[in-house]
Every structure is written in C-alpha cells, then in structure tokens.
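Take a look at the letters that make up each chain.
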There are 2 protein chains.
Amino acid sequence: MMASASRLSLSNFHRPPPSTTIAELKPTFTPHTQPTNPTPESDATPSCPEPRKLKPSPQLNRWSRARAIRSGHKLDRPVSRTKAWEMDPPARSPETEVLQSPPRARDDDGELAAGKSIYMVSDGTGWTAEHSVNAALGQFDYCLVDRGCPVNTHLFSGVSWHFARGLILLIFCLRNAISKSLFIRYLRRLGLKFSPFQRLLEIIKQAAKEGAMLVYTLADNSMAESARQACRLWGVPSTDILSPITEAISSHLGVSPSGLPRGAPGRNFPLSEEYFQRIEAIEFTIKQDDGALPQNLQKADIILTGVSRTGKTPLSIYLAQKGYKVANVPLVMGVALPKMLFEVDPEKVFGLTINPVVLQTIRRSRAKSLGFGDDARSNYSEMDHVRKELEFASRIFAQNPAWPVIEVTGKAIEETAAVVLRLHQDRKNKCSMPRISKRY
Amino acid sequence: MMASASRLSLSNFHRPPPSTTIAELKPTFTPHTQPTNPTPESDATPSCPEPRKLKPSPQLNRWSRARAIRSGHKLDRPVSRTKAWEMDPPARSPETEVLQSPPRARDDDGELAAGKSIYMVSDGTGWTAEHSVNAALGQFDYCLVDRGCPVNTHLFSGVSWHFARGLILLIFCLRNAISKSLFIRYLRRLGLKFSPFQRLLEIIKQAAKEGAMLVYTLADNSMAESARQACRLWGVPSTDILSPITEAISSHLGVSPSGLPRGAPGRNFPLSEEYFQRIEAIEFTIKQDDGALPQNLQKADIILTGVSRTGKTPLSIYLAQKGYKVANVPLVMGVALPKMLFEVDPEKVFGLTINPVVLQTIRRSRAKSLGFGDDARSNYSEMDHVRKELEFASRIFAQNPAWPVIEVTGKAIEETAAVVLRLHQDRKNKCSMPRISKRY
C-alpha cells in the first residue's frame, strides 16, 4: 500500500512559502489561559488514552492535586512561560509580548509531582531527539519517577512533507471513491492536515497548552525556523538539537547540508558494505546465542562469557547492531565449556561478572517470569548456588588471565557495551590514544 | 579483575580543582604549526594502525595528494582554525589571541578529498555523541565517502575520573609488585595519565594537530569547561552536544543536573521494570526469529511478515531493543503460513515489501556470502523468482487489508522501525496526535 503510494507523485502538492506559515496559522490559535477542560487529566490529550507505559500513581495524583489546591496553584500550567531556551534569543515582537505573561514563581511541589512533559519533534525518525533527551535525563535520574518528579516524553516523528505526502497518498489510494470534503474530514479526524507546518504548529500549540518544553531535530531549515518562531510566539521553551552540530560540521567540511530528513525521497539509504556487515553480524549473533554452534567461535569478533543472567544476550545483540559478530558462551557449573573457547584468540574473549545479591534479584525475577516451581527456583536463584556459580566463573577467569573481566553490576547494556568496545579497540589497535574510528 | 577494582576505594585519589587544570597543563603543549612528521599519513596517529573499517582508497589518496601539491596546500591542516563553533563564544583573552592565527582561506579541493576528522569525546559511553554526529552527517551523505569528501570519526569514550580510577586500580591490583616509576611508565605507554583532564587535553591537542573538529558530551561541568577553554586556546572548532539540552531540561524541571556521567559511581543503573521488559523482549524476539514457535505469535507486540531479505530479522532486533516483543514470519512460496498468523489481532501485523531489483541485489550478495551454488542461487535471486515471490506476498497482503504494508526500499533499519512504531502507536492509541510516549 505504502509502496505504491511512495512511487506516485502529486504534481499539485506544493510546499507553501515558509515565511507565510506562521502568519497564516496564527489566527487559528487562541491561548488557553482559561482552559476549556478544567481537570488536568482531560486537558493534556483530550482524545488520547494514556499509553501502556504511562501509569501515574493515583496516590501521587491525589497528593499533588491536594497540594495544588492548598497552594492555590493550577495543575494545568498556563500557556505563557518564563523563558525560551533558545541559544540565540531574538528580540521579541510587541505582539509576542502581549501573549506573554510576566515570569511566574516556581511551584516546586504540586506541579513537579504531577509530571512535566517534554515534546520531541522530528522530520525524520526521531531517534536522535529521543537518544539525546534520554542522555540528558540521565543527569536527573536522582529525582525522576521514584523520587516525585516524573517526566513524560512524547515523540512526534516524521513531521515532514515526505511523510505527510506518503500518508495522504496512501489514504487517497485507498479511498479514492470518497468525496473531497469527506477525505479532508477523514484527514482531520486523524489529526493530520495537509501541511507538516500545520502539524508542527499543532504540536507546539499542544505543548504550550500542556506546559511542555520542546526539543526538535528538523533537517529542513524552513521547518526549524517555523518551530523557532512558533515556540517564541507561544512561549514554549525549545532546544534545537540538530542545527548546532549540523552547522559545525558544515563549516568544518566546507559544504552545505542537504536539509533532507532521513527517509526523504532522494535520500535513499545505500546498500553499502557496512549495511551488509551489520545484517550479517545480527544474524550471526542470533544463531550463536547461548553457546549454540561452538564450532563457529573462531568467526566471532567478540566472545562473551559469564554465568546465567549477566546480560550476555542483550549485550551481544547491542554489539551486533554496531556491526560486530558476537558469540556468547554461558558458564554453567557441571557443564563442560566448548574446547574451542580456549583455542580462539584470547584477546577477543570477555568475561562478565556481577554482584551476587544483584544476580539473585535478577534470577528471582527471571524464575518468576518463566514460571519455575519452587524447587527449580531454589537451585537457580538461591544465594548459596549463586555464590558457588560466581566462584566457579572466577576460577575460569583466573585460569585465563588474558580475558578481561567486566563488572556489569549497576551498568546499563549500553555502558557495558562501551567498556567492551573500548577494550576491544585498544587491544586490536595497540593504539596510544584508545579510540573507536569509523569512516563515512 | 575490574570487579575487585571498582569495589576498592583510593582515599588519596582526589580530583584537582578544575580551575587550575588548563593553566597547569598549558606549558606542555607547543602548537605544531610545523609538524614534526611531514607526511600526512604518519602525522595523525603515530603509533596507531588504522582500524579495519578505515580503508581509504589509494587512488583517492594519490589524487588528493596530487591536487594538494598542485595547489600548494598542505594536506595536514595547521593547528589554527577559522572559527570556534561554540554557541556562546566568550571574549578571548589576549593570550588566546597570540596563539591564534588570522582566518585562513578555505581549501575546498585537496584537503576535503583527504578526509576530515571529527573527534567525539565523552565522559560516558559516547553513544549520544556518535548518534548525533551520525544524524548530522546524514545531511552530508551526498558528498561523503563515494563522492570525494570522506569523513573520519573518532570516538573517545569514558574520559572521566571514574573510568581513569577504575583502570588505574585495575592495573594497580594486577601489578602491585612493580615500582611507582615503572607503574607510571606503564600507564603512559597505555596513553593514560592520571587525570581525565590530561587525557581530555591530549585528545584536543591531537585534534588541533590533525585539523579535526571536536564534539563533546561531558556531564561533568568542570570537564566541559576545560574542553571549551582548550578548544578556544588551540583553535579547535567545537560543539557541546549535551549542555544545551541538559540546561533546558534543568530549567524546565526546576532541578539541577547531577553532573555525573553514565557509569559513574552513585549513578547505578536501576533494575527497573523497563530493564526487565527490554531483556525479555530481546530474548523473546531471538527465540521467535524466522517463523520459529508460531504458537507464541499471540504473545508478540508486533509481528513482521515479508519475503526473505526484506530485513525482518534486523528490524525485529531493533524494535526488541526498544522493549517490543517482535515475531517475524517469513513468506515463502509453497510453504503454508502458520494458522495463528490469521488468528492474532491483525492490528499488530505489518507486511514488508521491497523493490524487486533491490531485493535481487541483496539476495545475490546473500547467496554469495552463504556460498550457494549456481543452481540454488538462480532459484533464490533470479529476477523471475523474485518477482513471483513478491507477487505471492502482495496477494497475501491484499487478502489481509488490515495489515499495513511498509515499503523498505532505500530505508535504513532505523527508518523502517520509526514507521512501524508510529503506525503501531497510532493504532493502539487511536490518538488525535500520533506520538510515542514514555515515562521517566
């Protein structure tokens, strides 16, 4: 369906001049200083049920609402904001000033507990915005969900002409019997308007209503400019993630950026050697999982070994995504290790170890999810067994001093992967400045 | 080994006051305006052989060297640079000005072809820097490796006290019999000095020498400040990726960032529900690969179907990493599809399709790498067979109109994943503003 859609072209489907977009659309927005939906729950996303992962504690909600009532604050934040976090704040027009209210006192109690929102908008996949926000949020995890200041992120990806055109054509192809007005009504019901500029402004409008901040990665310059203007106009704090780095690279290379988001026509992903290498690595790693096919260990770039639940599988998969063929060999007491493990280059073998208490917690959770009976569980997750198995692993590691042993306790998969790759590159390159290099 | 190292504490291992770092270290650096190694090949990383992925075409090198000689340009760029791409350029000290030469004319020919370098420095995993640079480079792919302006990226991760301390302790534990001077010499040979500030400055010095630009994600404020100062001093164009978004979020939440990079002590990764969910999704997806265990299709969040080599496996794995349980069912002519596929909720089934010419190219490469004989190859990758199989898939898709069909031609795995998740969320939430939401 999408296949045929993306191959068609709609000649009368032109992009409007970006300079007119804000002006055209401005009158349609009335700032909701007095929200029509007085309850905070219904205000944020009127027709949208909360997705699975969003489970705000009812107790927390009651508590924050009670505090808000006591303090006289509204939980639904008004549209006007204190400060726009643009790196280069332009002078505000008088019109903008009218829309803006004076700086507001911070309400650290009720509102924080209710959860702040971060909107992420992208004309591509949105993964860069998600990744960057996730990394930055890492510095606030001391106060996130469990400590009373949860953050909700909302990713709006594919806000681009390409996506809009593809989707409209898709629907058009499916419903070409319907009348134009019905077609437009159908589109509106989906929340999609013809122009991605309109979609962008709808999102920013919603962000203003919800008191959210906006983070955007918009390769198309006119889209980025529209986002900037709309955020300034409606007082939404915003950060452009992509432009600073794109501009810096542009200046460094001495060439201009294409302005095309990922997935745009004319920006087809090439079937490069790297692409095939990555696919091959993933397929190799899946086949090699959990000690399967030990005869292939020789072909692996990296071999991981450790007792059950040290995270060998997810780590293997993460490294495979980066183009490394990974094999993992479990260490199980009483089960002989494949001979091949001791015959391969020891420089590519990595041991994983973990704190026994943490391992027991993970194994208990695992045993529960697998529906193990009490007997099986005791053998697998009881402290005595866990300790013995870790000692067994330690002895094997001691017998193979060339294998680095990585402590995975309290590390995310990405962190362990970074350590493995750092050591892998250092050992391979014997480099005075350890680095992971790549050619584009 | 690292396990025991990270559990130890070194009481006399204090962090020096950051303000003194640059001043202390400055005299050790003499700008290499006249490089000691006259050939560009040996100048960049004297003791470091190029890693596997870096295979500059000899023809390209000869060509660029010839052009450089003709134009009188040096291939090894001098240390002084035109512009530091700091978002908030502070006033330069007179001392800085002395070190800086006047803006240089751009040399678009020889130097571009030789390949420009981007250094990425992180006190964490470095994946945010890598991801952002990769996304930004997407806008220059019209001129990257195949078009004569290759870019080399070099990732230096774990440039932090935590990492330095861990590694030093590791070596100390291993070699505690050796003398202090031998120990320090050993460390120097590894290119590691005691202070991550020193390591940071070494990297920036090398970037200046190589004419590279610097991109950094340093959670530790004093490290970020040192990077900024050193880059300004040595004329290295630099971009701070993390600070703008961290500051914006800090202001939005009304709390300060911890300043701790990933993997730092006290920033242990929690064993959250999300962590277990992700691991479970990866394990489910691996077991379910290539149509295995069709009785489990019911348990999947997303089911992908398509003919061989439409990228079902890498796409499944990518989505699994994001916490979705994915099953993939191959469509093979003459092989009956599992009944369960038509019994599950059709809203979670996605068809993949691809251009036959591209599919043939991919299959040929696959057949070659698998070492298929000519007979087997003809059946698998011949155009007639490819077309028939795609028609067979189309018929199945037509019989199941509720399955969206995604065209994967020319799309990276990440792009197809974005489309799948967008549709998945839209269908699940019936939301007026399609979005992917998450709670932190």
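Note that this is a predicted model, so its numbers are computed, not measured.

Rules used throughout
- Residues numbered from 1 in each chain as written.
- Chains lettered and ligands numbered in written order.
- Predicted model: local features only at pLDDT ≥ 70, side-chain atom pairs only at ≥ 80, totals over all residues.
- Heavy atoms only, no water.
- Helix = DSSP H or I, 4+ residues; strand = E, 2+ residues; numbered from the N terminus.
- Buried < 20%, exposed > 50% of the residue type's maximum accessible area, 1.4 Å probe, protein only.
- Contact = heavy atoms within 4.5 Å.
- Areas by Shrake-Rupley, 256 points an atom, 1.4 Å probe, with all protein chains shown as cover.
- Pairing = 2+ DSSP bridges.
- Axes fitted to C-alpha atoms, helices over the stretch in contact; angles between N-to-C directions.
- Expected span 1.5 Å × (residues − 1).
- Salt bridge = Lys/Arg side-chain N within 4 Å of Asp/Glu carboxyl O.
- pLDDT = per-residue confidence, 0-100.
- Parallel < 35°, antiparallel > 145°, perpendicular 65-115°, else oblique.
- Left-handed = near helix turned anticlockwise from the far one by under 90°.
- Nonpolar A, V, L, I, M, F, W, Y, C, P; charged D, E, K, R; others polar.
- Phe/Tyr/Trp six-rings, centres within 6.5 Å; stacked < 30°, edge-to-face > 60°.
- Lys NZ or Arg CZ within 6 Å of the ring centre and 35° of its normal.
- Polar contact = N/O pair within 3.5 Å; in protein donor to acceptor, adjacent residues only side chain to side chain.

> Can you tell me about the overall build of chain A, naming the residues and giving the values?
Broken down by element type, chain A carries 18 helices and nine strands. Taking all 440 residues of chain A together, the buried fraction comes to 55%. In chain A, the share of contacts with a sequence separation of at least 24, taken over all contacts with a separation of at least 6, comes to 75%. When the accessible area of chain A is evaluated, it comes to approximately 19300 Å², of which 55% is carbon and sulfur surface.

> Talk me through the sheet that holds strand β1 (residues 116-122) of chain A; I want residue IDs and the actual numbers.
One open sheet accounts for five strands, arranged β4(A)-β3(A)-β1(A)-β2(A)-β9(B); its pairing is mixed. Looking at which strands have only one partner, the edges of the open sheet turn out to be β4 (238-240) of chain A together with β9 (436-439) of chain B. For this sheet the average axis-to-axis angle between neighbouring strands, irrespective of direction, equals 15°. The pairing of β1 of chain A with strand β3 (residues 213-217) of chain A spans five bridges and is classified as parallel. Within β3 of chain A, the position partnered with serine 122 of chain A by the bridge is threonine 217 of chain A. Strands β3 and β4 of chain A of the sheet are contacted by helix α11 (residues 221-233) of chain A, whose axis makes an angle of about 170° with β3 of chain A.

> Please provide a residue-by-residue account of the environment of valine 326 of chain A, values included.
All names here are of chain A. Within the fold, valine 326 resides in strand β6 (residues 326-330). Along the chain, valine 326 and leucine 144 lie 182 residues apart, while their C-alpha atoms are 34 Å from each other. When near neighbours in sequence (up to four residues on either side) are disregarded, valine 326 contacts Phe284, Thr285, Gln288, Ile302, Leu304, Ser316, Leu319 and Ala320.

> Break down helix α18 (residues 413-429) of chain B for me, with residues and values.
The first and last C-alpha atoms of α18 of chain B sit 24 Å apart over 17 residues, in line with the 24 Å expected at 1.5 Å per residue. Judged by how many residues are buried, α18 of chain B sits mostly within the fold: 15 of 17 residues are covered.

> Describe unusual backbone geometry, and please don't skip the residues or the numbers.
Among all residues except glycine, the phi angle is most often negative; among peptide bonds, the trans geometry is most common. Residue and element names in this part refer to chain A. One non-glycine residue, leucine 293, adopts positive backbone phi at about 45°. Tracing the chain through its elements places leucine 293 in the loop between α13 (273-288) and β5 (302-306). On the basis of relative accessible area, leucine 293 is assigned to the partly exposed category, the value being 34%.

> Describe in detail the pattern of salt bridges, supporting the description with residues and values.
Per the counting criterion, the structure on display carries 23 salt bridges over all chains. Residue arginine 309 of chain A is joined to glutamate 283 of chain B by a salt bridge in which the shortest nitrogen-to-oxygen separation is 2.6 Å. Of the two residues, arginine 309 of chain A sits in the loop between β5 and α14 (312-321) while glutamate 283 of chain B sits in helix α13 (residues 273-288), which places them in two different chains. Accessibility classification places arginine 309 of chain A together with glutamate 283 of chain B in one group, the buried group. Between arginine 278 of chain B and glutamate 414 of chain A there is a salt bridge; the shortest N-O distance is 2.9 Å. Placement of the pair is arginine 278 of chain B in helix α13 and glutamate 414 of chain A in helix α18 (residues 413-429), with the two residues belonging to separate chains. When salt bridges that share partners are traced, they join Glu225, Arg228 and Asp240 of chain A into one network.

> Run through the sheet that holds β5 of chain A, naming residues and quoting values.
All names here are of chain A. Taken in spatial order, the four strands line up as β6-β5-β7-β8 in an open sheet, and their pairing is parallel. The open sheet has two edge strands with one neighbour each: β6 and β8 (405-407). Each strand of the sheet is rotated relative to its neighbour by a mean of 30°, with strand direction disregarded. When β5 meets β6, the two strands line up parallel, connected through five bridges.

> Tell me about the pairing of strand β7 (residues 349-353) of chain B, and name the residues and values.
Residue and element names in this part refer to chain B. Counting buried residues along β7, five of its five residues qualify, which places the element largely inside the surrounding structure. Of the two faces of β7, the one lined by Val349, Gly351 and Thr353 and the one lined by Phe350 and Leu352 are each fully buried. Where strand β5 (residues 302-306) lies against β7, three bridges are found, and the strand directions are parallel. Counted as the bridge partner of isoleucine 303 is valine 349 from β7. In this sheet, strand β8 (residues 405-407) lies alongside β7 in parallel orientation, the contact comprising three bridges. If you follow threonine 353 over to β8, its bridge partner there is glutamate 407.

> Can you break down the pairing of strand β2 (residues 151-156) of chain A residue by residue, with the values?
Burial analysis of β2 of chain A places six of its six residues in the buried class, the great majority of the element. Covered by surrounding structure in β2 of chain A are Val151, Thr153 and Leu155 of chain A together with Asn152, His154 and Phe156 of chain A, the residues of both alternating faces. When β2 of chain A meets β9 of chain B, the two strands line up antiparallel, connected through four bridges. Its bridge partner lying in β9 of chain B, threonine 153 of chain A is registered against lysine 438 of chain B.

> Break down the confidence of the model for chain A for me, with residues and values.
Residue and element names in this part refer to chain A. Residues with a pLDDT of 70 or more make up 62% of chain A, whose mean pLDDT is 73. In this model residues 1-113 is a low-confidence stretch, pLDDT under 50, and it forms 175 contacts with partners more than four residues away in sequence or in other chains. Here the complex is predicted with pTM 0.72, and the ipTM for its interfaces comes to 0.72.

> Before we move on, can you summarise the packing of helix α10 (residues 196-210) of chain B against helix α11 (residues 221-234) of chain B with the specific residues and values?
All names here are of chain B. One can describe the packing of α10 onto α11 by two numbers: an axis separation of 10 Å at closest approach and a directional angle of 30°. Taken together, α10 and α11 sit at an angle that is classed as roughly parallel. At the point where α10 passes α11, the crossing takes the right-handed sense. In this structure, α10 contributes Pro196, Phe197, Leu200, Leu201, Ile204, Lys205 and Ala208 to the contact, and α11 contributes Ser222, Met223, Ser226, Ala227, Ala230, Cys231 and Trp234. Counted by class, the contact of α10 with α11 contains eleven nonpolar, two polar and one charged residues.

> Hey, could you go over the packing of helix α14 (residues 312-321) of chain B against α18 of chain B for me, with residue numbers and the actual values?
All names here are of chain B. α18 packs onto α14 with a crossing angle of 65° between their chain directions and a minimal axis gap of 10 Å. Where α14 crosses over α18, the two elements pack in a sense that is right-handed. Residues Pro314, Leu315, Tyr318 and Leu319 of α14 lie in contact with α18, whose contacting residues are Ile413, Glu414, Thr416, Ala417, Val420 and Leu421.

> How would you summarise the packing of aromatic side chains if you had to cite specific residues and measurements?
Summed over all chains, the structure comprises ten aromatic pairs over all chains. Centroid distance phenylalanine 342 of chain A to tryptophan 403 of chain A: 5.9 Å. Interplanar angle 20°. Geometry classified as stacked. In this pair, phenylalanine 342 of chain A sits in the loop between β6 and β7 (349-353) while tryptophan 403 of chain A sits in the loop between α17 (383-399) and β8, placing the two residues 61 residues apart along the sequence. What makes phenylalanine 342 of chain A partly exposed here is its relative accessible area of 42%. Judged by centre distance (6.5 Å) and plane angle (65°), the rings of phenylalanine 397 of chain B and tryptophan 403 of chain B are edge-to-face. Residue phenylalanine 397 of chain B shares its accessibility class with tryptophan 403 of chain B, and that shared class is buried. Its end group placed over the ring of tryptophan 127 of chain B, lysine 322 of chain A keeps NZ or CZ at 3.9 Å from the ring centre. For lysine 325 of chain A, the ring lying beneath its charged end belongs to phenylalanine 284 of chain A, and the centroid distance is 5.7 Å.

> Quick rundown of α14 of chain A? Include the residues and the values.
In terms of burial, α14 of chain A is largely enclosed, as ten of its ten residues are buried. Residues of α14 of chain A that are buried: Lys312, Thr313, Pro314, Leu315, Ser316, Ile317, Tyr318, Leu319, Ala320 and Gln321 of chain A.

> Can you lay out the environment of serine 316 of chain A for me, pointing to particular residues and giving the numbers?
Residue and element names in this part refer to chain A. For serine 316, the location among the structural elements is in helix α14. It is 7.1 Å that separates the C-alpha atoms of serine 316 and asparagine 328, two residues lying twelve residues apart in sequence. Residues contacting serine 316, with those up to four places away along its chain left out, are Thr285, Leu304, Val326 and Asn328. Reaching out from serine 316, the side chain makes a polar contact with the side chain of asparagine 328 at a distance of 3.2 Å.

> Can you break down the environment of phenylalanine 197 of chain B residue by residue, with the values?
If you trace the backbone, phenylalanine 197 of chain B turns up in helix α10. Put simply, phenylalanine 197 of chain B and proline 401 of chain B are 204 residues apart on the chain and 60 Å apart in space, counted from C-alpha to C-alpha.

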